[in-house]
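Here is how the chains run, residue by residue.
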Amino acid sequence: AVQSPYVLVDAGTYAINASVGGNSLGSSSVSLAAGSDTTLIVTGSSVSDAKVTVVVDDNRVPTSSGNYKIRLIHASDSLASYPLTFTVSLSALFSGVQFAPTQYASSSTSTYVSKAAVSNAVIAVTVPGTGATIYSTTASDGVSLASGKVYTMFVLDTAANNTPTALLLQER
């Protein structure tokens with residue numbers, strides 16, 4: 001299923017008080033501009049290796065009629081040393097996607113691709129270094145990537161047992 005998790009807040013500077021395993025990472029801040037979309041990613045399995053990554057989103061609708069936009073964010077600690085590949089309808093949209101703290105170390109701007117809308121999409125997120133498939137759909141699953149929409153595929157770890165999973169979100 002596709003979900004939309006954004007929360008509207010006023011422009012300004014906000015304190016970030018994140019925790020990992022119930023332990024506080026301390027306080028930091030983020031400035032949010034009016035009309036902007038921002039994603040905060042907390043990674044790490046302990047306070048000593050935790051990181052808060054700020055990602056600037058581009059949730060404007062695709063410029064080409066009939067297209068959707070999508071990005072992949074790799075936030076899985078258990079796969080931190082492995083780049084990911086993301087395919088839709090057997091076409092690699094992203095390959096070599098690094099762990100978020102590495103990927104966004106020099107720039108906080110996400111990379112999106114714009115493609116023709118597809119119904120009953122065959123989607124896969126794989127780990128070429130291990131041969132593992134983290135997420136997959138078949139045509140019969142009925143997942144569509146609709147015209148004029150913006151999506152993010154997040155790869156992250158479950159809280160229960162630290163195993164990788166993926167979540168497809170509709171941003172707009």
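See the structure shown above.
Residues numbered from 1 in each chain as written. Predicted model: local features only at pLDDT ≥ 70, side-chain atom pairs only at ≥ 80, totals over all residues. Heavy atoms only, no water.

### Remarks on the overall build of the protein
1) Next: Check the secondary structure of the protein and you find one helix and 12 strands.
2) Next: The helix and strand sequence of the protein, counted from the amino end, reads β-β-β-β-β-β-β-α-β-β-β-β-β.
3) Next: Its C-alpha atoms give the protein a radius of gyration of 16 Å, within 12% of the compact-globule value 16 Å for 172 residues.
4) Next: In terms of overall dimensions, the protein has a C-alpha envelope of 45 × 40 × 25 Å along the principal axes.
5) Next: For the protein, with 172 residues in total, the buried portion stands at 37%.
6) Next: Considering only residue pairs separated by 6 or more positions, the protein has 55% of its internal contacts joining residues 24 or more positions apart.
7) Next: Taking the average place of the 7 positive charges on the side chains of the protein and the average place of its 9 negative ones, the gap between the two points comes to 10 Å. (Helix = DSSP H or I, 4+ residues; strand = E, 2+ residues; numbered from the N terminus. Rg over C-alpha atoms; globule rule 2.2 N^0.38 Å. Buried < 20%, exposed > 50% of the residue type's maximum accessible area, 1.4 Å probe, protein only. Contact = heavy atoms within 4.5 Å. Lys, Arg positive; Asp, Glu negative; His and termini not counted. Charge placed at Lys NZ, Arg CZ, Asp CG, Glu CD.)

### Topic: a nonpolar patch on the surface
1) Next: A cluster of nonpolar residues, Val 7, Val 9 and Tyr 14, forms a patch on the protein surface that exposes about 280 Å² of accessible area.
2) Next: Within the secondary structure, Val 7 is located in the segment before strand S1 (12-20). (Patch = residues over 30% accessible without salt bridge, like charges linked within 9 Å, V, L, I, M, F, W, Y side chains within 5 Å. Areas by Shrake-Rupley, 256 points an atom, 1.4 Å probe, with all protein chains shown as cover. Salt bridge = Lys/Arg side-chain N within 4 Å of Asp/Glu carboxyl O.)

### Looking at the sheet that holds strand S10 (residues 132-136)
1) Next: Pairing within the open sheet is antiparallel, and its four strands lie in the order S7-S6-S9-S10. Each end of this open sheet is capped by a strand with a single partner; those strands are strand S7 (91-97) and S10. Strand-to-strand twist in this sheet, taken as the mean axis angle between neighbours without regard to direction, amounts to 15 degrees.
2) Next: Judged from the four bridges that link them, strand S6 (residues 84-88) and S7 form a sheet pairing that is antiparallel. What sits directly across from Val 88, in S7, is Ser 91. (Pairing = 2+ DSSP bridges. Axes fitted to C-alpha atoms, helices over the stretch in contact; angles between N-to-C directions.)

### So, unusual backbone geometry
1) Next: One non-glycine residue, Leu 90, adopts positive backbone phi at about 70 degrees.
2) Next: Of note, Leu 90 is situated in the loop between S6 and S7.
3) Next: Judged by relative accessible area, Leu 90 falls into the exposed class, the value being 78%.

### Examining the pattern of salt bridges
Two side chains carrying opposite charge are able to pair once their charged atoms lie near each other.
1) Next: With the rule as written, the count across this model stands at five salt bridges.
2) Next: With its nearest N and O atoms 3.9 Å apart, the salt bridge here joins Arg 172 to Asp 37. Within this pair, whereas Arg 172 is found in the segment after strand S12 (164-170), its partner Asp 37 is found in strand S3 (residues 37-43), the two being separated by 135 residues in sequence.
3) Next: Residue Arg 71 pairs with Glu 171 through a salt bridge whose shortest N-O separation is 3.8 Å. Note that Arg 71 is positioned in strand S5 (residues 67-75) and Glu 171 in the segment after S12, a separation of 100 residues in sequence.
4) Next: Owing to a relative accessible area of 8%, Glu 171 belongs among the buried residues under this scheme.
5) Next: Three or more residues joined by partner-sharing salt bridges are found here, namely Asp 57, Arg 71 and Glu 171.

### Digging into the pairing of S10
1) Next: Sheet analysis places strand S9 (residues 123-127) next to S10, joined by four bridges and oriented antiparallel. Paired with Val 127 across the strands is Ala 132, a residue of S10.
2) Next: Between S9 and the antiparallel strand that follows it, S10, lie four residues; Gly 131 among them carries a positive phi value of about 80 degrees.

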